[in-house]
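So you can see what is in the structure, the chains are spelled out below.
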Amino acid sequence: MTWGLVGQERAVAALERALAAGRAAHAYLLVGPERVGKHTLALKLAQALNCEGEEPPCGRCEPCRRIAAGIHADVQTVTVQEAEEEDERRKGIHVSQIRELERVTALKPFQGRSRVVIIDPADEMNTSAQNAFLKALEEPPPQVVFVLVTADESRLLPTIRSRCRRLELRMPSVADVEAALRDRGVDGERARLLARLSAGRIGWALEVAADPSLLERRRESLSQARALASMSVAQRLELAERLAQDFRRRPESLLAELEAWRDWWRDVLIVQAGAEDGVANVDRLPDLRRDAQRCGQSEVAAFVRAVKEGRRYLGENAQPRLVMETLLLEAPGEAPRRAAVRPQPARR
Ligand SMILES: [Zn+2]
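What comes next concerns the included structure. (Residues numbered from 1 in each chain as written. Predicted model: local features only at pLDDT ≥ 70, side-chain atom pairs only at ≥ 80, totals over all residues. Heavy atoms only, no water.)

**A word on the overall build of the protein chain**
Within the protein chain one finds 16 helices and 5 strands. The C-alpha atoms of the protein chain give a radius of gyration of 23 Å, which matches the 20 Å a tight globule of 348 residues would have. Dimensions of the protein chain, computed from C-alpha atoms along their principal axes, come out at roughly 70 × 45 × 35 Å. Taking all 348 residues of the protein chain together, the buried fraction comes to 46%. Expressed as a percentage of contacts within the protein chain between residues at least 6 apart in sequence, the contacts between residues at least 24 apart total 70%. Of the roughly 18,100 Å² that the protein chain leaves accessible, carbon and sulfur atoms contribute 49%. Charge-centre separation for the protein chain: the mean point of 55 positive side chains lies 3 Å from the mean point of 52 negative side chains. (Helix = DSSP H or I, 4+ residues; strand = E, 2+ residues; numbered from the N terminus. Rg over C-alpha atoms; globule rule 2.2 N^0.38 Å. Buried < 20%, exposed > 50% of the residue type's maximum accessible area, 1.4 Å probe, protein only. Contact = heavy atoms within 4.5 Å. Areas by Shrake-Rupley, 256 points an atom, 1.4 Å probe, with all protein chains shown as cover. Lys, Arg positive; Asp, Glu negative; His and termini not counted. Charge placed at Lys NZ, Arg CZ, Asp CG, Glu CD.)

Given below as structure tokens:
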């Protein structure tokens, strides 16, 4: 297989069949969780459509190489524009970007056979951008293939979704990720650990394999996740404010932090459920057991949910400070302190 995607055999086979029959759709919707290879698949599709090699996408011919390097004139990615400094308004994909697309897609391809427009993440198109895009989809320019990439298709207009051929990418298994890491020269023990920690997010696993400092940062995030449980209300509010400020400057880093918190407490929940084999943080079992002991199961479950919601609210332009305060007050606490703060047995 020249596509080189880990664990996505089904989506790849569907594309290969369509391409072999000369029946590529004019719009694809690639749906799947974060970091499973959606953008990579979009680029591979662009290569397959423009490849001059024997087995498209060969990855070696001129068009394939240009596309991989991001310098092919007919393949472009539309993504979120960086927000202006100090601009608190949410960035996103704006209608002006879609209008610009209409102008470009009206032209014939310069270098290749197909012009490929990747919109990633497509759910970042605001409503007016989606409406403008819908027009382009209704009257597709010849030789243009749109590839929409999203982890949350519910945020796309149903009329857009229904006009795209939908391909679902799955979370690869831990074994798939481990094998892929070994193929790329990561040694056995490390490959096993990273695969478990990644819980299938191959993109994350490859990134960490290439840059060990990311693992160190993750360790810090996990310590923070654990420390939450022994923080007072005042400390939590202070932390909420600090993180909200960081978020304005580096939104990605807070989102990664929250991901680590969620992973940690989800593991605690797994230990509480007596299913230790299923934890991602295999190298931290003693700490997981300690947290499983000191915190209540329903609190932990509520926090895991709250983190997931918090991440979503941050993406939807909610007030970061409010989101973080709500979230941190939901963090599990050691039983005695929690009992002192909240005497009532059930909160909801
Ligand atoms: Zn090629």
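Alright, that's what it looks like, and here's the rest.
**Some remarks on the packing of aromatic side chains**
Summed over the entire model, instances satisfying the criterion amount to 2 aromatic pairs. Here Phe-133 and Phe-146 contribute two aromatic rings whose centre-to-centre distance is 5.1 Å and whose plane-to-plane angle is 85 degrees, an arrangement assigned as edge-to-face. Here Phe-133, found in helix H5 (residues 127-138), pairs with Phe-146, found in strand E4 (residues 144-150); they are 13 residues apart in sequence, far enough to count as distant. Note on accessibility: Phe-133 and Phe-146 belong to one class, buried. Look at Trp-265 and Phe-303: their rings are 6.4 Å apart centre to centre, the planes differ by 85 degrees, and that puts the pair in the edge-to-face class. One end of the pair, Trp-265, is in helix H12 (residues 251-272); the other, Phe-303, is in helix H14 (residues 297-315), and 38 residues separate them in sequence. (Phe/Tyr/Trp six-rings, centres within 6.5 Å; stacked < 30°, edge-to-face > 60°.)

**Considerations on H14**
At 3.6 residues per turn, the α-helix brings residues three or four places apart onto the same side. Along its 19 residues, H14 runs 28 Å from first to last C-alpha, staying within 8% of the 27 Å computed at 1.5 Å per residue. Among the residues of H14, those classed as buried are Glu-299, Val-300, Ala-302, Phe-303, Val-304, Ala-306, Val-307, Gly-310, Arg-311 and Leu-314. The first or second residue beyond H14 is Asn-317, which carries a positive phi of 80 degrees. (Expected span 1.5 Å × (residues − 1).)

**Topic: the packing of helix H8 (residues 188-198) against helix H9 (residues 202-210)**
Packing of H8 against H9 brings their axes to within 9 Å, and their N-to-C directions diverge by 140 degrees. Between H8 and H9, the angle is such that the two are oblique. As for how H8 packs across H9, the hand of that crossing is right-handed. When H8 is examined against H9, the residues Arg-190, Leu-194, Leu-197 and Ser-198 are found in contact with a partner set consisting of Trp-204, Ala-205, Val-208 and Ala-209. (Axes fitted to C-alpha atoms, helices over the stretch in contact; angles between N-to-C directions. Parallel < 35°, antiparallel > 145°, perpendicular 65-115°, else oblique. Left-handed = near helix turned anticlockwise from the far one by under 90°.)

**Let's talk about the nonpolar core**
Ranked by size, the top nonpolar core spans 33 residues in total, and within it Leu-228, Leu-258, Trp-261, Trp-265, Phe-303, Met-324 and Leu-327 carry the most contacts. Counting only elements with at least two residues in this core, the list comes to helix H10 (213-227), helix H11 (233-249), H12, helix H13 (285-294), H14 and helix H15 (320-329). When residues in this core are grouped by element, the largest group, 8 residues, is from H12. Apart from the residues lying within four places of it in its own chain, the contact partners of Trp-265 are Ala-225, Arg-226, Ala-229, Asp-291, Cys-295, Val-300, Phe-303, Val-304 and Pro-332. Ranked by size, the runner-up nonpolar core spans 25 residues in total, among them Trp-3, Val-36, Leu-41 and Leu-167. (Core = buried A, V, L, I, M, F, W, Y, C linked by side-chain atoms within 4.5 Å.)

**A short note on the side chain of Asp-123**
For Asp-123, the position within the fold is in the loop between strand E3 (115-119) and H5. Take Asp-123: its relative accessible area is 9%, and that puts it in the buried class. Once residues within four sequence positions are removed from consideration, Asp-123 is found in contact with Val-149, Thr-150, Ala-151, Asp-152, Arg-155 and Leu-156.

**Here's the deal with the coordination of the zinc ion**
Donor atoms from the polypeptide that coordinate the zinc ion comprise Cys-51 (SG), Cys-58 (SG), Cys-61 (SG) and Cys-64 (SG), at 2.2 to 2.4 Å from the metal. Here the zinc ion binds 4 donor atoms, and the angle range of 103 to 119 degrees at the metal identifies the geometry as tetrahedral. Written as a sequence motif, the donor residues of the zinc ion are C-x6-C-x2-C-x2-C. When its relative accessible area of 5% is taken as the criterion, Cys-51 is described as buried. (Donors = N, O, S within 2.8 Å, 3.2 Å for Na, K, Ca; no water. Tetrahedral: all angles 85-135°; square planar, octahedral: opposite > 155°, others 65-115°.)

**Description of a nonpolar patch on the surface**
Taken together, the side chains of Val-233, Leu-237 and Leu-329 make up a nonpolar region of the molecular surface, amounting to roughly 190 Å² of accessible area. With respect to the element layout, Leu-329 can be found in helix H15. Judged by its relative accessible area of 32%, Leu-329 is partly exposed. (Patch = residues over 30% accessible without salt bridge, like charges linked within 9 Å, V, L, I, M, F, W, Y side chains within 5 Å. Salt bridge = Lys/Arg side-chain N within 4 Å of Asp/Glu carboxyl O.)

**Focus: the packing of H12 against H14**
A pair of packed helices can be characterised by two numbers: the angle between their axes and the separation between those axes. It is the contact of H12 with H14, at a shortest axis distance of 9 Å, that shows an interaxial angle of 155 degrees. By the angle between their directions, the pair H12 and H14 is classed as roughly antiparallel. Considering the relative orientation of H12 and H14, their crossing is left-handed. Between H12 and H14, the contacting residues are Leu-254, Leu-255, Leu-258, Glu-259, Trp-261, Arg-262, Trp-265, Arg-266, Val-268, Leu-269 and Gln-272 on the first element and Gln-297, Val-300, Ala-301, Phe-303, Val-304, Val-307, Arg-311 and Leu-314 on the second.

**Overview of the environment of Leu-15**
By the secondary structure assignment, Leu-15 is in helix H1 (residues 9-20). For the pair Leu-15 and Gly-92, spaced 77 residues apart in sequence, the C-alpha to C-alpha distance is 29 Å. Look past the residues within four positions of Leu-15 in its chain and what remains in contact with it is Trp-3, Tyr-28, Leu-41, Leu-45 and Leu-167.

**Digging into the sheet that holds strand E2 (residues 75-78)**
Spatially, E2-E3-E4-E1-E5 is the arrangement adopted by the 5 strands of the open sheet, whose pairing is parallel. A single partner strand is all that each edge strand has here, and the edge strands are E2 and strand E5 (165-168). Recorded for the sheet is a direction-independent mean angle of 20 degrees between the axes of neighbouring strands. The sheet contact formed by strand E1 (residues 27-31) and E5 spans 4 bridges and is parallel. Bridge pairing in E5 links Leu-30 to Leu-167. (Pairing = 2+ DSSP bridges.)

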